[in-house]
Every structure is written in C-alpha cells, then in structure tokens.
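Topology and contacts: notes
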Amino acid sequence: MANSFTNLALFSSLLLLCIAVSPSVAFRPKALVLPVTKDSATQQYIAKINQRTPLVPVKVTLHLGGQYLWVDCDQGYVSSSYRPARCRSAQCSLSGSKSCGDCYDGPKPGCNNNTCGLLPDNAIANSGTSGELASDVISIQSTDGKNPGKVVSVSKYLFTCGSGFLLEGLAKGVKGMAGLGRTRISMPSLFSAAFSFDRKFALCLTSSSSPGVVIFGDGPYVMLPGMDVSKNLIYTPLIINPVSTASAYFQGKKSADYFIGVKSIKINDHAVNINSSLLSITKDGYGGTKISTVNPYTVLETSIYDALLKAFKKSLSRVPRVKPVKPFGLCFNSTFLGSTRVGPGVPQIDLVLQSKSVYWRIFGANSMVQVKNDVSCLGFVDGGSKPRTSIVIGGHQIENNLLLFDLATSKLGFSSSLLFRQTTCGSFNFTSNA
Ligand SMILES: *[C@@H]1O[C@H](CO)[C@@H](O)[C@H](O)[C@H]1NC(C)=O
Ligand SMILES: *[C@@H]1O[C@H](CO)[C@@H](O)[C@H](O)[C@H]1NC(C)=O
Ligand SMILES: *[C@@H]1O[C@H](CO)[C@@H](O)[C@H](O)[C@H]1NC(C)=O
Ligand SMILES: *[C@@H]1O[C@H](CO)[C@@H](O)[C@H](O)[C@H]1NC(C)=O
C-alpha cells in the first residue's frame, strides 16, 4: 500500500482503491504552490500546511536542508487519519530509518508500538530527538505556474512526530519544520512521487509583506507582471556532502543539505584572498558551501570573513564607515551610498562556481542590510574558525532570487536578483483560478 501513493500511474489496478482514499486522483497537478512569509521577530520563513482529518492549518518553519516534515505530536494532535509507520514497512525503509520501537504511554499520535523511528531535528536551536514516523492527510494548492488552482491532497503523506521541546527557538505559533532537503521523504520528493511530476522545486523568498513561494514541480514560475522567472537561469551542480549536517542523525547518513561548488570569491572582479582548501568538502564532511533558510545572513568561516570584509572595505573606501552594529562587522553611513535598481550602490560580490564564467553575483539589495536610517551594514556574519561548513549562504542573500533545485539531475538553477528583471519573489499572483 505504501507504493500506491508513491506512484499512482503504475498501479492502475489499485485505482479504485486509491480513489477511495485520495479524492483528487482524477485531477493530476503539474505543480503545487506553498506561500511563504517571513516572521520579523525571528527572521524565519514560515509556511502553513493543511494536515489531518479534519484538516487544520499547521504553521511550520521552512528548512531548505531539512530531512522531512516534522510536527509536534505532543500537544493537540487530533486526527482520525493518523497512521504510525510499522517497523519493516515499505514506508520505514523509504525513510532510511535504523530504529524500531515501542512506546508505553500510548497509543496516541507519536506514541505507538512496533513503529519506525527517525531523528527529527531543529536546525535553529541545534537540538534533536527521536520520533515516530507516521502518515496523515496533507492538502495543498496546485498551480499552473501562474496562479494557484484546485486544492489537492495526499492521503498518506509521511512525516515525523517531533516533541514540544523541539519547538524551542521557532517562531510564535510554529508547530514544526518543513524539510525540503535531499532525502526520499523530504517534501519535494514526496510531492513529486505522489503526483508523478519532476523531482524539482523552486524557492523564491521575500522579506516583504507579500509572500514568497515554494513551487513543487516544473515551471513556468510566473511573477507579475507576467514574467516566467524559470527562464535564463544559470546552472551549477549540486554537491553531496557524505556526512549528515543534521543536529541528530543515524551513522552513515549523507547530508540532506544543498551544497554548491564555490571556487573563489570576487569583489568588483578582484579575487578575495582566501584559503581555497576551506571551499572543498573533506571526507569527514567539513568545509564547502551550502544554502540555508535557517540562517538569516550568510555565515563565513573566520578567515574568509576577515578577507571579505577587508576587500569590501577597500573597494568602498570613499564611503564613510560608522561603528559596526551587531551581528555585522562593517557598516557605512548609507546617506553616501547611491541607490540602484538592485539596491544600494556597492561593489558586487561574485561567488565563482565551476568555471570563471559561471558565478552567482550578489548586488547591494542582497549584500547590504539597512540597520538604521543612515546605517547600512555588509550582511555577512562571522562563523568562527572551525565551523562545520565554511560558507552558509543565508536568507538575506537569497531573497528575491529564484533558486531552482533539480533533484533528478542534481543541479541548482539561479536567477541572481529578480529586481533586475523588475519583479520580485513577492509577485506571485495568489488569486486562485480554480
Ligand atoms: C505496547 O506493548 C506493551 C506490551 O508489550 C503494552 O504494555 C503497551 O500498552 C503497548 N503500548 C501501546 C501504545 O500499544
Ligand atoms: C587552509 O585551510 C586548511 C583547512 O582548514 C588548513 O589545513 C591549512 O593549514 C590552511 N592553509 C593556510 C595557508 O592557512
Ligand atoms: C551620515 O552622514 C550625514 C551627512 O554627513 C550625517 O549628518 C549623519 O550624522 C551621518 N550618520 C552617521 C550614523 O554617522
Ligand atoms: C491575477 O490572476 C487573476 C486570475 O487569473 C487575474 O484575473 C488577475 O488579473 C491577475 N492579476 C494581475 C494583477 O494580473
């Protein structure tokens, strides 16, 4: 039965049964859309999923490199369609679980006998626990890439039960985390399996009051006033880190995070002097560059951070500096900075990728943070001298950039600033055309 939702097309003989459990099977969406807002108090990106029977909205913090969806089952989880995943079931093996157990305070959601266990983690508080793998109904809006369409549902959507304490550090009202990472049970993998669409998804985040989006499935991805932002992307290979970067994990697990191969950094076309061995991933899983939605700003290993600040300061020496405002180390009197279509007029920062001609260019809107009326700071922070990952590209640096994660071909497509194209990630037309 576990396979009946993973590949409906192959199980035509089960079609009748599937219709009984999944009323949306007659309409097969090509893509799904999830609005994402930014919580100003925590700078977390928040989505609302509809889960359970009867359906309830559940707020979750987006975790790009997260392994799967987990929600708190300790408090107020009520659903007639909750099903724990049994030990040695197909669902259990899909999840890569290496644990199986009993629970003595149940039965209740999160506590059943003979169930498959995983290790849900909170990447913000750096905490983890063990939790029951389970399935329940989830519903989400389909899209044609331009507007939201019909609501569709997955009847046996796999997730993990977290605990109340695992919510510590998450935004107010949030009940779990939505993992979009490189696993077979992350949200992109499960949705593409459920509806047989391409294993890819687009992430387009914003800090404004108009929500950004995650679109599961292939493009077009159209932003007002009618621009398909999946066009003209630059592509770079996604790299696998052989050692899990989660706060809790089973021995031998690969990282679910999205790593890319940054080879050097340039400011106004001049190479920043950094130790390039920090940019590759060691066999112990240290070093390299990943993209994160749980870090509000890009975090750099100390020597890279120092070199970047020095080079940036030098190329902007004409602008008066002011006392740094935490957590930043380099701030300017912004009344002296010109303004451009892509933010304050500051030197561009290039993350050079697989060849000199392939780079991710970061303009003022993504490099600078306006901390006060007349103070603007370089929005990168110091990650210490022995961090697990040398460069963690954070939320501020990816806002208003479209990122297309193609899991099947292991490639990342990126747009650089959409402000150049006179649109934003907050410009999806959320008027339903269902
Ligand atoms: C699990 O099994 C034990 C006995 O093996 C039993 O005491 C307990 O009540 C069961 N718990 C649940 C949740 O069914
Ligand atoms: C560069 O970084 C590597 C890895 O941390 C370190 O072993 C090496 O000593 C560094 N080289 C220099 C010149 O600092
Ligand atoms: C920025 O420069 C203006 C104009 O010289 C000045 O009035 C203001 O006090 C400066 N602000 C800071 C924070 O230094
Ligand atoms: C948004 O989509 C709706 C439904 O297709 C359409 O009627 C409306 O004109 C669109 N809004 C804009 C600003 O284009």
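Computed from a prediction, not measured in an experiment: that's the story for all the values here. Chains are numbered independently. Their residues run from 1 in the order of the written sequence. Just so you know, chain letters begin at A and ligand numbers begin at 1, following the order they were written in. For a predicted model such as this one, the threshold for reporting local features is a pLDDT of at least 70, and the threshold for listing and counting side-chain atom pairs is 80 or more; totals across whole chains, interfaces and linings nevertheless cover every residue. Processing note: side-chain calculations cover all non-hydrogen atoms of the structure and skip hydrogens and water entirely.

Strands here mean DSSP runs of E at least two residues long; helices mean DSSP runs of H or I at least four residues long; both are numbered from the N terminus. Of the regular secondary structure elements, the protein holds 7 helices and 34 strands. Atoms counted for the radius of gyration: C-alpha only. Globule rule: 2.2 Å times the number of residues to the power 0.38. Relative to the 2.2 N^0.38 estimate, which gives 22 Å for 434 residues, the radius of gyration of the protein is 22 Å and therefore close to what a compact globule would have. When the backbone C-alpha atoms are referred to their principal axes, the protein occupies close to 70 × 45 × 40 Å. Only protein chains enter the accessibility calculation, which uses a 1.4 Å probe; a residue whose area is less than 20% of its type maximum is buried, one above 50% is exposed, and one in between is partly exposed. Taking all 434 residues of the protein together, 57% fall into the buried category. Two residues form a contact once any of their heavy atoms are found within 4.5 Å. Within the protein, contacts between residues separated by at least 24 positions form 69% of all contacts whose residues are at least 6 apart in sequence. When charges are counted, Lys and Arg contribute as positive and Asp and Glu as negative, whereas His and the chain ends are disregarded. Every charge is mapped to an atom, namely NZ of Lys, CZ of Arg, CG of Asp or CD of Glu. Here the protein contributes 42 positive and 23 negative side-chain charges, whose respective centroids are spaced 5 Å apart.

Throughout this description, the term salt bridge denotes a Lys or Arg side-chain nitrogen within 4 Å of a carboxyl oxygen of Asp or Glu. Scanning the model with the defined rule gives 7 salt bridges in all. With its nearest N and O atoms 2.7 Å apart, the salt bridge here joins Lys 38 to Glu 399. Taken as a pair, Lys 38 in strand β1 (residues 31–38) and Glu 399 in the loop between α7 (395–398) and β33 (401–406) lie far apart in primary sequence, 361 residues in all. On the basis of relative accessibility, which here comes to 6%, the residue Glu 399 falls in the buried class. Asp 228 is paired through a salt bridge with Lys 231; the nearest N and O atoms lie 3.6 Å apart. In this structure, a network of salt bridges that share partners links the residues Lys 200, Asp 218 and Asp 406.

Turning to the domain arrangement of the protein, a few remarks are in order. Splitting the protein by domain gives domain 1 (2–219) and domain 2 (234–421). Boundaries between domains were set according to an automatic or database domain assignment. The distance between the C-alpha centroids of domain 1 and domain 2 comes to 29 Å. Taken together, the contact between domain 1 and domain 2 spans 40 residues of the former and 35 residues of the latter. Both sides of the domain 1 and domain 2 interface together cover about 3000 Å² of buried area, and 59% of this is carbon and sulfur. Across the contact surface, domain 1 and domain 2 share 2 salt bridges. Among the elements of the structure, β3 (56–63), β7 (115–118), β8 (121–122), β9 (127–128), α4 (187–195) and β13 (200–204) are those that each provide at least two residues to the side of domain 1 that touches domain 2. Buried surface area refers to the total accessible area, computed with a probe of radius 1.4 Å, that the two partners give up upon joining, counted for both partners together.

Omega for the bond connecting Gly 106 with Pro 107 falls within 30 degrees of zero, at -5°, which places this linkage in the cis form. For Pro 107, the position within the fold is in the loop between β6 (99–101) and β7. The peptide bond linking Leu 224 to Pro 225 adopts the cis configuration, its omega dihedral lying at 5°. By the element assignment, Pro 225 lies in the loop between β15 (222–223) and β16 (227–228). Even without a glycine there, the phi angle at Ser 196 is positive, about 55°. Tracing the chain through its elements places Ser 196 in the loop between α4 and β13. Phi is positive for Asn 400, close to 60°, though the residue is something other than glycine. Locating Asn 400 in the fold gives a position in the loop between α7 and β33.

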